[in-house]
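Chain by chain, the residues:
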Amino acid sequence: MGFREHAAPVRRILGIVLGLLLIGGVLYVALQGQDRPESTATKTVRGVIGSEKSEFFRDPDVVKALAAKGYIVKTETSGSWAMDQLALKEFDFAFPGSSEPAKEVAAAAGLKGAQETRPFYSPLVVIARPGAAQVLATGGLATMTGKNSGTLLMGPFLKAAAEDRTWQQLAGSSAHAELTGTVFVKTTDPASSNSGALFLAATSNVANGSTVVADDAGIERTAPLMRKLISVQGALETSTDDPFRAFISGSGEPLILVYESQVASLLLQKQDPGEMVVLYPDTTVNTAHTFVPLSEDAKELGTLLATDPKLRELAVLRGFRPQDGVAEFTAATAPHAGYLNPGLAGIRQVGTPTVKILMALAQRAKG
Amino acid sequence: MSAAGRVRAAAQAAPRPPRPRRRRVRTALALTLAVLTAATACTSGEPAGPAETAYQEGTLRVLASSELADMEPVLEQARKATGVTVKLTWSGTLDAAEQVASGQADGRYDAIWLSSNDYLRLRPEAAGKLSSETPVMSSPVALGVKPEALARLGWKPGEVTWPAVHEAVAAGRLTYGMTDPVRSNSGFSALVSVASGLSGAQAALSDADVKAATPRLKEFFTGQKLTSGSSGWLATAYGRRGDVDALVNYESVLLSMNRDAKDGGAPLTVVRPRDGVVTAHYPLTLLASAPAGARDAGRALTDWLRGPEAQRAITGQTFRRPVAAGVAPAAGLDQEKRRELPFPGSRVVADGLLASYENELRRPSRTVYVLDTSGSMSDEDRIGRLRSALTDLTGTGTSGTGRRFRDREEVTLLPFGSKVKEVNTHVVEPGNPGPALDAIRRDVKSLEPDGGTAIYGSLEAAYEQLGKGGTDAFTSIVLMTDGENTEGVGAKHFDSFYAKLPEAQKRTPVFAVLFGDSDRKELTRITELTGGRLFDATGGTSALAGAFEEIRGYQ
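Criteria and thresholds
Residues numbered from 1 in each chain as written. Chains lettered and ligands numbered in written order. Predicted model: local features only at pLDDT ≥ 70, side-chain atom pairs only at ≥ 80, totals over all residues. Heavy atoms only, no water. Core = buried A, V, L, I, M, F, W, Y, C linked by side-chain atoms within 4.5 Å. Buried < 20%, exposed > 50% of the residue type's maximum accessible area, 1.4 Å probe, protein only. Helix = DSSP H or I, 4+ residues; strand = E, 2+ residues; numbered from the N terminus. Axes fitted to C-alpha atoms, helices over the stretch in contact; angles between N-to-C directions. Parallel < 35°, antiparallel > 145°, perpendicular 65-115°, else oblique. Contact = heavy atoms within 4.5 Å. Nonpolar A, V, L, I, M, F, W, Y, C, P; charged D, E, K, R; others polar. Domains from an automatic or database assignment. Buried area = accessible area lost by both parts, 1.4 Å probe. Salt bridge = Lys/Arg side-chain N within 4 Å of Asp/Glu carboxyl O. Polar contact = N/O pair within 3.5 Å; in protein donor to acceptor, adjacent residues only side chain to side chain. pLDDT = per-residue confidence, 0-100.

## Structural notes on the nonpolar core
- Among the nonpolar cores identified, the biggest contains 134 residues, and Trp-113, Phe-221, Leu-386 and Phe-548 of chain B are the most heavily contacted of them.
- Tallying contributions element by element places helix α10 (residues 185–199) of chain B first for this core, with seven residues.
- Core analysis: the next-biggest nonpolar cluster, separate from the first, contains 49 residues, Val-126, Leu-152, Ala-201 and Leu-236 of chain A among them.

Right, dumping it as structure tokens:
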């Protein structure tokens, strides 16, 4: 009622405010123009990115921040390790999930000495529902560090995989209808997708006596186990978005490999993750999302993403860890510490095998 | 009938590809005519006119699973919100995989929207063809069981397992309808589920698992009384039959049927077997070959579809499960978790499973082709097109699964003019299909146009022919005519002939093919009377082959 009574004056005031805003906007734009005359020519750049960064680039605030710097960025997603097969001529940049496929993309595009940048990264985690996490913990395959977080113990987990352990053989599983069949982590296709490939990088390291697989002997040693990890899964997707969305929709496998950023983004956007436990594998690979400029237009964009304070802040809001930004990430995720492990406490970070070795492992694993 | 009313209307009215306007689509939806043209026109691989192939700004050409017809209202909302119009062309999963992998889809479609890309991904050629894949919503393949069957079996919905379903079928206590796994993803998913469940496989299916489960799978498929090339028509046929206890279909389709059941038709109880399900995630997938503008439009569309407004509309209107955090699934979607059964990881296993289903596991087919070889078939080389369309069905030495008459299938060719000219029956021998297929090819080659058009008398002869054989088979009649009935008995005679058929025989549907100058009304009447479906083969020289191929899913 109150509103209706005052409808006319309110409308008038609104009109004035809007008018002022409009003038302000025009002034702002004009001033901006004076400020940076060379960057006002807006460039539209088209990039191919790993799907895990899709929400970052779709974020309206990111779009705005990029526009303020003169960029309209259009992105398409692809498995990071399949990007080199795309018609790269159509893109101004590629932004795979780690440094190794970046090299392949640069080679496929015929670039030498491209100015790569690593604006942010995100470790891989395994998400589970509380029941599954509890059963793993009881069975000695994981430890819980809180109600919604824990550590996946790669040694015992890989031993269980080698023995084709099923959920039924783990105590406490019978209370959960979905916990039957072989225990495995649902990954993406290691031959085309970054997260799947990095899972092999980490597990092969453990299986190779905590050493990066670097030769045929190492491949021979680890391939049988890699095959067990991958072939049990059946059809493999090319992006973590698929299994992650399956989890959100209430279906999907009990253990799913995703980027920490996918979980952190949900939490920071205040979206309910539902019943979720985040397990950090105790061995993870140390590699960052790598920006590869393919055309002149996108040359500076990587550096901008890495250094612009506003874009760094927005990257954190989408769950990423900016370059040298543990403190920023820790501060922003403090309210959600129950799910996350910002300092990666107790996690061993290892190097990745070369592309050639990793792809050989992926082929053997899928074999 | 009424239970399936809405689903039928939605899923069967395939909009023809060249008609993007929503109003037209609506009109098409209003018709209950079971006409299929779109997929037929696409499979045939003939070049369409430039107007219908080129990308038009803001209109996304999408090759889609037919059950997505229920997304029309949501897509209309999407159009208002994003300015992107979606033009859907229906296709089965395997067929779409073939089109994408072979490159036929390039330039013709901008995106694909199938229940799953799992099968497509088994084709290595597809790797470079797909761009962004965005899962939009999910629905598991479930079993819809009539309450009285549930009571009779003493089942608690939350406790039922695939072995329990098998046991009930083997004991003759449960019958069901399911789509053809070779043509429809819900059937394929069910086949994977039941093979997993009955083999006791703990991980992705292997050839050994399938072999081990074969005897029980065979028993399981004795209970399949209805088959279909699409999920939508299956629901219609189920409503018509009344004597089938259960339906294998997407949870979303089953719940929609329940919602749309008028006059209090008893709702089906949706059972998600406790030992696992296969879930469709509907990834809207842009094709790498699409022009940049189309990919931008696709991105705008997927962004919107993944937003909370769309996700709420989707789950509320279609009973699919949302994939966005914070959006609650519609009421009626049970939240208890289920194991996700792995889809086979290799093409060898997937195709092997399909081939066993086709040639070994399923009940065999008995099929009569009632073929108009009247004088007018010499016009425009119609007879040539008929010969080539039929010859296609005999396959080649290397035909893939579903590309030729099945092992154990009884195929009868019944050419007619002023009267039935011949009745030639051939049975495809398992392990030695060559002789029967050769014989069919010879018969086809000798078809000659001559005489008038005795449609009804020939149909009666077809029913009589099927009446002579065993009943434990999927029986069907394909009627291909290029004109109206001019000789022999008329429609009234056929009506009373049909009315006097034994119940079991009445279940044999007539699949009629609209061709040349045939009368749509006359053929529609026949398909409605017999519970069949009309296929339109008037759209171009290879449309007849496309229609014949499509009908295979229903036989």
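Read on for the rest.
## A word on the packing of helix α9 (residues 162–170) of chain B against α10 of chain B
All names here are of chain B.
- Closest axis-to-axis distance for the α9/α10 pair is 8 Å, and the angle between their directions is 95 degrees. Relative to α10, the element α9 lies roughly perpendicular. Across the interface between the two elements, Trp-162, Pro-163 and His-166 of α9 pack against Ser-193, Val-194, Gly-197 and Leu-198 of α10.
- Considered class by class, the residues forming the contact of α9 with α10 number four nonpolar, three polar and no charged.

## Considering the domain arrangement of chain A
Residue and element names in this part refer to chain A.
- Domain annotation for chain A reports domain 1 (40–121 + 289–330) and domain 2 (124–287 + 339–366).
- Between domain 1 and domain 2, the C-alpha centre-to-centre distance is 26 Å.
- Each partner contributes to the interface: domain 1 provides 24 residues, whereas domain 2 provides 29 residues.
- Buried surface at the junction of domain 1 and domain 2, both sides included, amounts to about 2000 Å², of which 54% is carbon and sulfur.
- Applying the counting rule to domain 1 against domain 2 returns two salt bridges.
- Where Glu-55 meets Arg-245, a salt bridge forms, and the shortest distance between an N and an O atom there is 3.3 Å.
- With four residues, helix α5 (residues 99–108) is the single largest residue contributor to the side of domain 1 that touches domain 2.

## Quick word on the domain arrangement of chain B
- Considered domain by domain, chain B is made up of domain 1 (19–25 + 36–137 + 281–322), domain 2 (140–279 + 340–354) and domain 3 (364–554).
- Averaged C-alpha coordinates put domain 1 of chain B and domain 3 of chain B at centres separated by 33 Å.

## Comments concerning the interface of chain B and chain A
- Of the residues lining the interface, 36 residues belong to chain B; the matching set on chain A comes to 41 residues.
- When chain B packs against chain A, the two sides together hide about 3300 Å² of surface, and 47% of this comes from carbon and sulfur.
- Sorting the residues of chain B by area buried against chain A places Gln-202, Ala-325 and Lys-337 of chain B first, and these three jointly supply 18% of that buried surface.
- The tally of links between chain B and chain A comes to six salt bridges.
- Between Arg-58 of chain A and Asp-303 of chain B there is a salt bridge whose closest N-O contact spans 2.7 Å.
- Here chain B and chain A share 18 residue pairs in polar contact (both at pLDDT 80 or more) between them.
- Mapped onto the side of chain B that touches chain A, the elements with two or more residues apiece are α7 (118–121), β5 (130–135), α14 (292–305) and β13 (321–322) of chain B.
- Among the elements that take part in the side of chain B that touches chain A, α14 of chain B stands out by supplying five residues, more than any other.

## Focus: unusual backbone geometry
- Residues other than glycine seldom take positive phi values, yet Lys-270 of chain A does so here, at roughly 60 degrees.
- Here Lys-270 of chain A is to be found in the loop between α11 (260–268) and β9 (277–281).

## A word on the confidence of the model for chain B
Residues and elements named next belong to chain B.
- When pLDDT is averaged along chain B, the result is 88, and 89% of the positions lie at 70 or above.
- Averaged pLDDT values over the elements of chain B bottom out at 33 in helix α1 (residues 5–12) and peak at 98 in β13.
- Taken together, the stretch residues 1–51 has pLDDT below 50 and engages in 112 contacts with residues farther than four places along the chain or on a different chain.
- Here the prediction assigns the complex a pTM of 0.86, and the interface score ipTM is 0.83.

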